[in-house]
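Structural features, examined
One letter stands for each residue in the lines below.
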Amino acid sequence: MKNIYSNIFKVNNKSLSKAINYLKKKDIIGVPTETVYGLAGNAYSSTAVKKIYYLKKRPFKNPLIIHYHNLKQLKNDAEFNINFSKLYKKFSPGPITFVLKKKKNSKISNIATANLKTVAIRFPKNKTLIKLLKAINFPLAIPSANKSSSISPVSAEDVAQEFKNSLKFIINDGSSKIGLESTVVDLTAKPKILRPGFIGLNSISKTLNKKISINNNLRTIKAPGMLKRHYSPGIPIKLNQKKAKNNEAFIVFGKKYKKAKNVFNLSYKSNLNEAAKNLYKTLRLIKNRNYKMICVSSIPKNGIGLAINDRLNRAAK
Ligand code: TXA
Ligand code: MG
């Protein structure tokens, strides 16, 4: 077998034009975003979109996020509204995804939107990805570049580990700045957060000048992908633990925990942004070291801490 890292290419004009060719040919490639690495394909092409689902082994009922570089490109695909305008102005490009009504004449593949009447859209901030989007005349469907239900990738190497040689091309733009997926906010009715992320509940409430709810009720949740176990390292996880045995991995937060071989501190300085950036990297490291059990200390639930706790809860399911 070829070295699994031989499909990783650093950012330069040659690799970007190769990437553009792949996308134009309805092939799929690994791309950087500011949140996590993604698997990108032409959102207007069912052929490309199907390749994404097959490679990820993702159930077809779980829709994809469609990525754009400007509003003009989006105009024919989704219906704008006032809440969208406000949040777009404040947070885009950046780690926020908007669920809007899909236009009837939209060219987005129905497979990408799981036959829903809505569409999730995002304007990523990563410069390399923006360059790619500007060079093609279609938006990109980009889910996180991991096998369905496993840990999201935060580096090109993580993507290569997920798909080995079944993915031909990955662009390496260093480690993901944020390290946790975008906040998903449903704007088709009363604004509601479907998936917590880097942009917190309070900043969204403040921008819209109204109270926003978080959809925590798994039975009525609108994002099908959020129902089941997700972000899982495939090892049992115990949350809110005060200590761990020597043969268990112990994920902690803050300086009150002693350093040891099995202790993985998400942020010694108790910085939640740093902890978010380290979360998936740490879970992957622990998985690669073959631990059989993971204990996690309590982690504050304010700001991006809410998103960290959300991912840990689902990884522990
Ligand atoms: O940060 C991110 O958003 C990353 C990067 C690569 O952009 N992408 C990402 O995509 O996290 P994915 O496919 O791993 O997660 C997309 C989430 C899923 O929970 C899905 O169910 C939800 O968005 N979603 C997509 N379309 C939706 C829709 N029309 N209504 C409700 N939820 C939707
Ligand atoms: Mg994902």
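Just so it is clear, the structure is predicted and the values come from calculations on it, not from any experiment. (Residues numbered from 1 in each chain as written. Chains lettered and ligands numbered in written order. Predicted model: local features only at pLDDT ≥ 70, side-chain atom pairs only at ≥ 80, totals over all residues. Heavy atoms only, no water.)

**Considering the overall build of the protein**
When helices and strands are counted, the protein shows nine helices and 15 strands. In terms of C-alpha radius of gyration, the protein reaches 19 Å, essentially the compact-globule figure of 20 Å for 317 residues. With the C-alpha coordinates aligned to their principal axes, the bounding extent of the protein is approximately 60 × 55 × 30 Å. Counting across all 317 residues of the protein, residues that qualify as buried make up 56%. For the protein, the exposed area adds up to about 15,200 Å²; of that, 51% sits on carbon and sulfur atoms. Both charge centroids of the protein, one from 63 positive and one from 13 negative side chains, sit 2 Å from each other. (Helix = DSSP H or I, 4+ residues; strand = E, 2+ residues; numbered from the N terminus. Rg over C-alpha atoms; globule rule 2.2 N^0.38 Å. Buried < 20%, exposed > 50% of the residue type's maximum accessible area, 1.4 Å probe, protein only. Areas by Shrake-Rupley, 256 points an atom, 1.4 Å probe, with all protein chains shown as cover. Lys, Arg positive; Asp, Glu negative; His and termini not counted. Charge placed at Lys NZ, Arg CZ, Asp CG, Glu CD.)

**Overview of the packing of aromatic side chains**
A complete count under the given rule lists twelve aromatic pairs for this structure. Arranged with centres 5.7 Å apart and planes meeting at 90°, the rings of Phe250 and Tyr257 form a pair that is edge-to-face. Accessibility classification places Phe250 together with Tyr257 in one group, the buried group. What links up through ring pairs into an aromatic cluster is the set Tyr68, Phe80, Phe84, Tyr88, Phe98 and Phe123. Over the ring of Tyr268 we find Lys259; its NZ or CZ atom is 5.2 Å from the centre of that ring. (Phe/Tyr/Trp six-rings, centres within 6.5 Å; stacked < 30°, edge-to-face > 60°. Lys NZ or Arg CZ within 6 Å of the ring centre and 35° of its normal.)

**Quick word on the nonpolar core**
Counting residues in hydrophobic clusters, the biggest one holds 41 residues, and the most contacted among them are Ile66, Phe84, Phe98, Ile121 and Ile204. Looking at this core, the elements with two or more residues in it are helix 2 (46-56), helix 4 (82-91), strand 5 (96-101), strand 6 (118-122), helix 6 (156-163) and helix 7 (201-208). Sequence-distant contacts of Ile121, defined by excluding residues within four places in its chain, comprise Ile65, Ile66, Tyr68, Leu74, Phe84, Ile96, Thr97, Phe98 and Leu100. Counting residues in hydrophobic clusters, the runner-up holds 29 residues, among them Tyr231, Leu272, Tyr280 and Ile299. (Core = buried A, V, L, I, M, F, W, Y, C linked by side-chain atoms within 4.5 Å. Contact = heavy atoms within 4.5 Å.)

**Observations concerning unusual backbone geometry**
A cis amide bond links Ser92 with the next residue in sequence, Pro93, at an omega value of -5°. Topologically, Pro93 is positioned in the loop between helix 4 and strand 5. You will see that Lys57, though not glycine, has its phi angle at about 55°, which is positive. Inspection of the secondary structure puts Lys57 in the loop between helix 2 and strand 4 (65-67). The backbone of Asn209 sits at a positive phi, close to 60°, despite the residue not being glycine. As for its placement among the helices and strands, Asn209 is situated in the loop between helix 7 and strand 11 (213-214).

**A look at the site of ligand 1**
Residues in contact with ligand 1 amount to 27 residues; listed here are only the nearest, Thr35, Arg58, Asn62, His67 and Ser182. Contact distances for ligand 1 include 2.7 Å between an oxygen atom and a side-chain N or O atom of Asn62. Side-chain polar atom of Arg195 to an oxygen atom of ligand 1: 3.0 Å apart, as the coordinates give it. Its free accessible area being 680 Å², ligand 1 has 98% of it covered by the protein chains. (Near = heavy atom within 4 Å. Polar contact = N/O pair within 3.5 Å; in protein donor to acceptor, adjacent residues only side chain to side chain.)

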